[in-house]
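Okay, here's what each chain looks like letter by letter:
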Amino acid sequence: MCKSEVFQDILAAVAAETEIPEERILSKAKNAEIVDARYLLVHFLWRQGFHAPVISTLMNYSRRPVEKMISQFDLRRRQSGKMFEMLTVRIASKLRSYND
């Protein structure tokens, strides 16, 4: 499976679980729920072995915000509460086939 397909699968999983359209996740919107979804997308791409420059290219973002999302994921997880944690677990479960 190529990088763009993995990216699309992860984006679709995040969009489905968060109920936020893909284009909103990839937008520059700063609504807390959309930012949480963006953090989840970057986290799962990172876990699949994507590097920050590749993620930034696929998302059409500069490298610095992507690096920030990678480095501050655990902080965002603690600050965002139970729903963020539930979404993390549910998305991980959906994507488990990548890790098998």
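Procedures and definitions
Residues numbered from 1 in each chain as written. Predicted model: local features only at pLDDT ≥ 70, side-chain atom pairs only at ≥ 80, totals over all residues. Heavy atoms only, no water. pLDDT = per-residue confidence, 0-100. Helix = DSSP H or I, 4+ residues; strand = E, 2+ residues; numbered from the N terminus. Buried < 20%, exposed > 50% of the residue type's maximum accessible area, 1.4 Å probe, protein only. Contact = heavy atoms within 4.5 Å. Salt bridge = Lys/Arg side-chain N within 4 Å of Asp/Glu carboxyl O. Phe/Tyr/Trp six-rings, centres within 6.5 Å; stacked < 30°, edge-to-face > 60°. Lys NZ or Arg CZ within 6 Å of the ring centre and 35° of its normal.

Right, let's get into the confidence of the model for the chain. Of the residues in the chain, 96% have a pLDDT of 70 or more, and the chain-wide mean is 94. Within the chain, the element-level pLDDT minimum falls on helix α8 (residues 96-99), averaging 66, and the maximum on helix α2 (residues 22-25), averaging 98.

Quick look at the environment of Leu41 now. By secondary structure assignment, the location of Leu41 is in helix α3 (residues 32-47). Given a relative accessible area of 0%, Leu41 falls into the buried group. What Leu41 contacts, discounting residues up to four positions off in sequence, is Phe7, Ile10, Leu11, Val14, Ile25, Leu26 and Met59.

Turning our attention to the pattern of salt bridges. Using the criterion set out here, one finds five salt bridges in the structure. Measuring nitrogen to oxygen at the nearest pair gives 2.6 Å for the salt bridge that ties Asp36 to Arg76. Here Asp36 is found in helix α3, whereas its partner Arg76 is found in helix α6 (residues 73-80), with 40 residues between them in sequence. Of the two residues examined, Asp36 and Arg76, each falls in the buried class. The residue Arg63 makes a salt bridge to Glu67 at a minimum N-O spacing of 2.7 Å.

Here the structure, examined in full by the defined rule, presents one aromatic pair. Ring plane angle 45° and centroid distance 5.5 Å describe the contact between Phe73 and Phe84, whose orientation is recorded as tilted. Of this pair, Phe73 sits in helix α6 while Phe84 sits in helix α7 (residues 82-94); the two residues are 11 residues apart in sequence, bridging distant segments of the chain. The same class applies to Phe73 and to Phe84, which are both buried. A cation over a ring is seen here: Lys28 above Tyr61, with NZ or CZ 3.6 Å from the ring centre. One residue, Arg76, lies across the ring of Tyr39, its end atom 5.1 Å from the ring centre.

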